[in-house]
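# Descriptive structure summary
Below are the chains, spelled out letter by letter.
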Amino acid sequence: MYAVLGNAIVMVVLLAVAAAAVRSLWKSHRSGGGCNGDCGNCRGCR
């Protein structure tokens, strides 16, 4: 019983971290951030 509860807690934490990462990427994408494929004009590559 405790092993199942422990696994469930770990899964919930991992899902929360993954959801936070996806949300951050989505917000960055919507605000114009991220790579556009033009490395010659990218300030992040230098």
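Residues numbered from 1 in each chain as written. Predicted model: local features only at pLDDT ≥ 70, side-chain atom pairs only at ≥ 80, totals over all residues. Heavy atoms only, no water.

## Some words on the overall build of the protein chain
- From N to C terminus, the protein chain includes one helix and zero strands.
- Relative to its 46 residues, the protein chain shows a buried fraction of 0%.
- Here the protein chain displays about 4,400 Å² of accessible surface, and carbon together with sulfur accounts for 66% of that area. (Helix = DSSP H or I, 4+ residues; strand = E, 2+ residues; numbered from the N terminus. Buried < 20%, exposed > 50% of the residue type's maximum accessible area, 1.4 Å probe, protein only. Areas by Shrake-Rupley, 256 points an atom, 1.4 Å probe, with all protein chains shown as cover.)

## Considerations on a nonpolar patch on the surface
- A cluster of nonpolar residues, Tyr2, Leu5, Ile9, Val13 and Val17, forms a patch on the protein surface that exposes about 570 Å² of accessible area.
- On the secondary structure map, Val13 appears in helix α1 (residues 2–30).
- Its relative accessible area of 47% is what places Val13 among the partly exposed residues. (Patch = residues over 30% accessible without salt bridge, like charges linked within 9 Å, V, L, I, M, F, W, Y side chains within 5 Å. Salt bridge = Lys/Arg side-chain N within 4 Å of Asp/Glu carboxyl O.)

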